[in-house]
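Summary of the model geometry
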Amino acid sequence: EIKSLDAKTQTSLLNSRGASEKNHSFKRIGKDLVLNYKISLANCIEGCPILFTTLDGRHLTCAIDELISPATCKQVLNEGMPSEGGKGNLFIKFDI
């Protein structure tokens, strides 16, 4: 399930941007993961689904139902790191 985040959470995650030479990079924050997803301007406008491989090798597709901007941050529940209390969440930030 993907949902939009409130402004405070988006600001916190946008300030935690990780650097990587790869097209998409993951950063761990506790049991949560942040995915920096590079996307073209054309795909932002068209609303194309995003495709990526998780750290455990699974391929996920996430439909995007809104216009993407550099401030957009999506949350995918239970796709973070496993822990005693259950899995964390995956946050997707967009690099246009």
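Here is a short report on the structure shown in this document. (Residues numbered from 1 in each chain as written. Predicted model: local features only at pLDDT ≥ 70, side-chain atom pairs only at ≥ 80, totals over all residues. Heavy atoms only, no water.)

**Thoughts on the pairing of strand β3 (residues 32-38)**
- With five of its seven residues buried, β3 lies for the most part within the structure.
- Direction of pairing for strand β2 (residues 24-29) relative to β3: antiparallel, over a ladder of six bridges. By the bridge assignment for β3, Phe26 is matched with Leu35.
- Taking the residues between adjacent antiparallel strands as the criterion, β2 and β3 are bridged by two residues, where Gly30 takes a positive phi near 65 degrees.
- The pairing of β3 with strand β7 (residues 90-95) spans six bridges and is parallel. Pairing of Leu33 across the sheet is with Leu90, part of β7. (Buried < 20%, exposed > 50% of the residue type's maximum accessible area, 1.4 Å probe, protein only. Helix = DSSP H or I, 4+ residues; strand = E, 2+ residues; numbered from the N terminus. Pairing = 2+ DSSP bridges.)

**Description of the side chain of Thr72**
- With respect to the helices, strands and loops of the structure, Thr72 is situated in the loop between β5 (59-62) and β6 (73-76).
- Under the relative-accessibility criterion, Thr72 is labelled buried at 7%.
- Not counting residues up to four positions away in its chain, the partners in contact with Thr72 are Glu66, Leu67, Ile92, Lys93 and Phe94. (Contact = heavy atoms within 4.5 Å.)

**Quick notes on the environment of Ala71**
- Mapped onto the elements, Ala71 comes out in the loop between β5 and β6.
- Taking relative accessible area as the criterion, Ala71 reaches 39% and is therefore assigned partly exposed.

**A short note on the pattern of salt bridges**
- For the structure on display, the rule yields five salt bridges.
- The salt bridge involving Lys74 is made with Asp65; its shortest N-O contact spans 4.0 Å.
- The buried category is assigned to Lys74, whose relative accessible area is 4%.
- Residues participating in the shared-partner salt-bridge network are Asp56, Arg58 and Glu79. (Salt bridge = Lys/Arg side-chain N within 4 Å of Asp/Glu carboxyl O.)

**Quick word on unusual backbone geometry**
- At Asn78, a position not held by glycine, the phi torsion is positive, near 60 degrees.
- Mapped onto the elements, Asn78 comes out in the loop between β6 and β7.

**Focus on a nonpolar patch on the surface**
- Together, Leu41, Ile45, Leu67 and Ile96 line one region of the surface with nonpolar side chains, adding up to about 430 Å² of accessible area.
- Tracing the sequence through the fold places Leu67 in the loop between β5 and β6.
- For Leu67, a relative accessible area of 60% gives the class exposed. (Patch = residues over 30% accessible without salt bridge, like charges linked within 9 Å, V, L, I, M, F, W, Y side chains within 5 Å. Areas by Shrake-Rupley, 256 points an atom, 1.4 Å probe, with all protein chains shown as cover.)

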